[in-house]
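Chain by chain, the residues run as shown.
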Amino acid sequence: MTKTQDLTALSVNAIRFLAMDAVEKVKSGHPGMPMAMAPLAYLLFREVMRHNPLDPTWPNRDRFVLSAGHGSMLLYAVLHLTGYDLPLEEIQRFRQWGSKTPGHPERGHTPGVEVTTGPLGQGISTAVGLALAEKKLAAEFNRPGHTVVDHYTYVLASDGDLMEGVSGEASSLAGQWGLSKLIVFWDDNRISIDGPTDLAFKEDVLLRYRAYGWQTLRVEDANDLNALRHALRLAQLDERPTLIAVRSHIGYGSPKQDSPKAHGEPLGPEAVEATRKNLGWPYPPFVVPEEVYRHMDLRTQGQAWQEAWERAMEAYAKAYPELYQELLRRLRGELPPLPEEPPAFDKPLATRAASGKVLDLLAPRMPELLGGSADLTPSNNTKAQGMEDFSPQNPTGRYLRFGVREHGMGAILNGLNLHGGYRAYGGTFLVFSDYMRPAIRLAALMGTPTVFVFTHDSIALGEDGPTHQPVEHLMGLRAMPGLWVIRPADAYETFYAWQVALRRKEGPTALVLTRQAVPLLSPEKAKGLLRGGYVLEDAEKPQGVILATGSEVHLALKAKELLGERGVGVRVVSLPCLELFEAQPEEYRKAVLPPGLPVVAVEAGASLGWERYAHRVVGLDRFGASAPYPEVYERLGFTPERVAEVLLELV
């Protein structure tokens, strides 16, 4: 064995034992996968990937996504050894309050973590978005002799990742789109928490991925670095995404190898000592030989890679100054000048249709705006005029056809936005937000500025009936920390809703839009949406407040008229975005909703949650019904007369 081979073997074991010791110290975690896949982590981070530990946000770095996020110590160990700002003390504080080494990887929390993972299937699916962004940016900006966008996305996925439906949705699209720089390693250890994977998972995974349009390869031993190197070379040469099945042994080297006991619990002191003997590791916990640190340190090499890219960018700037400035702007996430005033709308309009018209206005001014729909384009109005479909033959196209794959769409949108260079949005019906909720939640957790366009927002869907009529969804989405839910009342509020969504840099936004046409409000007053809520109409001496969102704002206005005829002065408040309203100063909020006035909230959705603002709620705590929407509204009590009556009871 040569000195290099000795160092390689020593480094691989250093990864294993850092992971094993960290789990053992806190008596919590997943040691088995890191022990099995340490050779792959070594190979990728030490030999294959171009990355810079001194600048984890270098735009042209290769990305690594640990989709099997439970094996987080594999990633933390290799980040620590290669020189990222993750000192040994943080490894020793694994899973502890305030540490940089939480139980599952969190983007923005730990240097070098690209995607927050843990919910299985999300990492590989988000990685499809990362790879798509690279392909599109390369097509837009690279020029002959000037390749400034050129990097790979590598994924380590588990059996569980490939069982989850979302990974199938996203992987199918990756094949359709020919994402050749997406390379996924499948940790084929044949063990699940319950026992052997064939208890529930006997399919031919490689055959399935070939059907998706992927290249598939197999490495028979995770410890065979030469076989892994050969598979990587083949993957990098192919025009398709690649899935490499890597046969591994969970808990490699321990007495619990190939057992479910090695998956999600510490090995125990006796097994730890036995593993040290089995693998010839004489060092005490958390001790790594200095020669391993020297061998694994990628800081100098990473800086050299980045500096070479920066020199290439300087040459690019001289050859293509306008393209250079545009690429820089987009990578920095800086918005171009956006229209400050809405277009002139001249008739009642569904807010979904108004959203389409706003996109027509935005798309020519904002080349990074990229969108799609889950096979509902004519219903969601998500395709702006002039947007061409993306395809391998037309990689600069800005419209994505996701097919009926809401969950995969959500994860891919997150990946596009995480990568940089794009602001991605996607549409479906509000009721189907349930299908993509885990991706929405991760967008909120990561602070990703994804825009989710949800149309057909209520029982006003009408004849399609209760399976398609959302009830609990608005409040369910509002319960999610970090997500802003905006339900505009008309076309003008919709314009300002897009302004809010696009100017948000930290966190996702859900735009919730009507199917049916709604009357127009005053464009000047509608600007109040920028503060989340505002007084739309008032009385000289209001005796009560009717608070509403979306289409029900117009119901509130009619109720105000009825009450005015009876001598009762009413204030009408439009509250399209609770989260934005709550961010306003207390003075403003109290001025809009004075503490001394009785308040009735009106929304065609679950009443739960409105008690924060209202004394009574005209809401919906049952499912809807199939009928023309005006009749559904009337029979379920959404009439001006009922709203007026409820306020009168309070007054």
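Residues numbered from 1 in each chain as written. Predicted model: local features only at pLDDT ≥ 70, side-chain atom pairs only at ≥ 80, totals over all residues. Heavy atoms only, no water.

### Some words on the overall build of the protein
Then, number 1: Each helix and strand in the protein was counted, giving 25 helices and 20 strands.
Then, number 2: Oriented by its inertia axes, the alpha-carbon framework of the protein measures out at about 95 × 60 × 45 Å.
Then, number 3: Relative to its 651 residues, the protein shows a buried fraction of 63%.
Then, number 4: For the protein, long-range pairs separated by at least 24 residues make up 78% of all intrachain contacts whose partners lie at least 6 apart in sequence.
Then, number 5: Summing over all exposed atoms, the protein offers an accessible surface of approximately 24800 Å²; the carbon and sulfur share of this is 51%.
Then, number 6: Of the side chains in the protein, 68 bear a positive and 78 a negative charge, and the two mean positions are spaced by 2 Å. (Helix = DSSP H or I, 4+ residues; strand = E, 2+ residues; numbered from the N terminus. Buried < 20%, exposed > 50% of the residue type's maximum accessible area, 1.4 Å probe, protein only. Contact = heavy atoms within 4.5 Å. Areas by Shrake-Rupley, 256 points an atom, 1.4 Å probe, with all protein chains shown as cover. Lys, Arg positive; Asp, Glu negative; His and termini not counted. Charge placed at Lys NZ, Arg CZ, Asp CG, Glu CD.)

### With respect to the packing of aromatic side chains
Then, number 1: Overall, the coordinates contain 22 aromatic pairs when judged by the stated rule.
Then, number 2: Where Phe-45 meets Phe-64, the ring centres are 5.3 Å apart and the plane angle is 70 degrees; that geometry is what we call edge-to-face. Here Phe-64 lies in strand E1 (residues 63–66) and Phe-45 lies in helix H2 (residues 32–48), a separation of 19 residues in the sequence. As far as burial versus exposure is concerned, Phe-45 and Phe-64 are alike and both buried.
Then, number 3: For the ring pair Trp-177 and Phe-402, a centre distance of 6.0 Å and an interplane angle of 70 degrees mean the geometry is edge-to-face. Taken together, the residues Trp-177 in helix H7 (residues 165–177) and Phe-402 in the loop between strand E10 (399–401) and helix H16 (406–419) connect sequence positions 225 residues apart.
Then, number 4: In this structure Trp-177 comes out as buried when scored by relative accessible area, which is 3%.
Then, number 5: The aromatic ring of Tyr-422 is capped on one face by Arg-330, whose charged end is 5.1 Å from the ring centroid.
Then, number 6: For the cation-ring pair, Arg-531 lies above Tyr-588, with the distance from its terminal atom to the ring centre recorded as 3.8 Å. (Phe/Tyr/Trp six-rings, centres within 6.5 Å; stacked < 30°, edge-to-face > 60°. Lys NZ or Arg CZ within 6 Å of the ring centre and 35° of its normal.)

### Examining the sheet that holds strand E13 (residues 484–486)
Then, number 1: Strand order in the open sheet formed by six strands is E10-E9-E11-E12-E14-E13, and the pairing between neighbours is parallel. A single partner strand is all that each edge strand has here, and the edge strands are E10 and E13. Within this sheet the neighbouring strands show an average axis-to-axis angle of 20 degrees, counted without direction. (Pairing = 2+ DSSP bridges. Axes fitted to C-alpha atoms, helices over the stretch in contact; angles between N-to-C directions.)

### Here's the deal with empty space enclosed by the protein
Then, number 1: Evaluated as defined, the whole model comprises four cavities of 30 Å³ or more.
Then, number 2: Volume-wise, the largest cavity comes out at about 70 Å³.
Then, number 3: Around the largest cavity, the lining residues are Phe-45, Met-49, His-51, Pro-56, Arg-61, Asp-62, Arg-63, Phe-64, Tyr-84, Gly-112 and Glu-114. (1 Å grid on protein atoms, 1.4 Å probe; cavity = no way out; pocket = protein on both sides within 12 Å on 5 of 7 lines; lining within 4 Å. Points joined across faces, edges and corners; volume = space filled by probe spheres on them.)

### Considering the layout of surface pockets
Then, number 1: For the largest pocket, the calculated volume is near 920 Å³.
Then, number 2: Along its surface, the largest pocket is lined by 39 residues, and Arg-107, Leu-331, Leu-418, His-419 and Gly-420 are the ones closest to its centre.
Then, number 3: For the lining of the largest pocket, the secondary-structure elements that each account for two or more residues are helix H12 (299–319), helix H13 (321–332) and H16.
Then, number 4: Residue contributions to the lining of the largest pocket peak at six residues, all from H13.
Then, number 5: Tallied by class, residues from the lining of the largest pocket come to 14 nonpolar, eleven polar and 14 charged.
Then, number 6: Put simply, the second largest pocket is a space of about 370 Å³. (Nonpolar A, V, L, I, M, F, W, Y, C, P; charged D, E, K, R; others polar.)

### Digging into the UniProt feature "domain: Transketolase-like pyrimidine-binding" (unreviewed entry) in the protein
Then, number 1: Mapped onto the present numbering, the UniProt feature "domain: Transketolase-like pyrimidine-binding" (unreviewed entry) falls at residues 349–520.
Then, number 2: End-to-end, the C-alpha atoms of residues 349–520 are 8 Å apart, and along that stretch the chain is 34% helix and 18% strand. (UniProt positions renumbered as here; feature names shortened; annotations may be inferred.)

### Side note on the sheet that holds strand E20 (residues 616–618)
Then, number 1: Taken together, the five strands give an open sheet; going across it, the order is E16-E18-E17-E19-E20, and neighbouring strands pair in mixed fashion. With partners counted over all chains shown, the strands left at the sheet margins are strand E16 (534–537) and E20, one partner each. Recorded for the sheet is a direction-independent mean angle of 30 degrees between the axes of neighbouring strands.
Then, number 2: Taken strand by strand, helix H21 (residues 552–565) contacts E16, strand E17 (544–548), strand E18 (570–574) and strand E19 (599–602), and its axis lies near 160 degrees from that of E17.

### Some details on the pairing of strand E14 (residues 509–512)
Note on strand geometry: in a regular strand, side chains alternate between the two faces of the sheet.
Then, number 1: Alternating positions in E14 separate into two faces, Thr-509 and Leu-511 on one and Ala-510 and Val-512 on the other, with burial throughout.
Then, number 2: In terms of strand pairing, strand E12 (residues 451–455) meets E14 through four bridges, oriented parallel. Within E14, the position partnered with Phe-454 by the bridge is Val-512.
Then, number 3: Regarding topology, helix H19 (residues 491–503) serves as the crossover connection from E13 to the parallel E14, and that connection is right-handed. (Right-handed = clockwise from strand over helix to strand, strands pointing away.)

### Comments concerning the packing of H12 against H13
Then, number 1: Taken N-terminus to C-terminus, the directions of H12 and H13 make an angle of 130 degrees; their axes are 5 Å apart at the nearest point. Overall, the two elements H12 and H13 adopt an arrangement that is oblique. Along its contact with H12, which presents Met-313, Tyr-316, Ala-317, Lys-318 and Ala-319, the element H13 presents Pro-321, Leu-323, Tyr-324, Leu-327 and Leu-328.
Then, number 2: For the contact of H12 with H13, a count of residues per class yields nine nonpolar, no polar and one charged. (Parallel < 35°, antiparallel > 145°, perpendicular 65-115°, else oblique.)

### Section: H13
Then, number 1: The end-to-end C-alpha distance of H13 is 17 Å, a good match for the 16 Å that twelve residues give at a rise of 1.5 Å each.
Then, number 2: Tyr-324, Leu-327, Leu-328, Arg-329 and Arg-330 are the residues of H13 that are buried.
Then, number 3: On its buried face, H13 is in contact with helix H5 (122–141) and H12.
Then, number 4: Positive phi shows up at Gly-333, right after H13, with a value of about 75 degrees. (Expected span 1.5 Å × (residues − 1).)

### Describing the nonpolar core
Then, number 1: Formed by 69 residues in total, the largest nonpolar core has its most connected members in Trp-177, Leu-182 and Ile-412.
Then, number 2: Leaving out residues up to four positions away in the same chain, Trp-177 has contacts with Val-128, Leu-132, Lys-135, Phe-390, Pro-392, Leu-400, Arg-401, Phe-402 and Ile-412.
Then, number 3: Counting residues in each nonpolar core, the second largest holds 66 residues, with Ala-77, Leu-156, Ile-183 and Trp-281 among its members. (Core = buried A, V, L, I, M, F, W, Y, C linked by side-chain atoms within 4.5 Å.)

### Let's talk about the pattern of salt bridges
Then, number 1: The final tally for this structure, using the stated rule, is 33 salt bridges.
Then, number 2: In this structure, Arg-503 engages Glu-340 in a salt bridge whose closest nitrogen and oxygen atoms are separated by 3.5 Å. With Arg-503 in helix H19 and Glu-340 in the loop between H13 and strand E8 (349–350), this pair connects stretches of sequence that are 163 residues apart.
Then, number 3: Connected through shared salt-bridge partners, Glu-140, Glu-326, Arg-329, Arg-330 and Glu-368 make up one network. (Salt bridge = Lys/Arg side-chain N within 4 Å of Asp/Glu carboxyl O.)

### Regarding the side chain of Ser-158
Then, number 1: Tracing the backbone through its elements, the reader meets Ser-158 in the loop between strand E2 (153–157) and helix H6 (159–163).
Then, number 2: Among residues more than four places away in sequence, those in contact with Ser-158 are Ala-68, His-70, Leu-120 and Trp-186.

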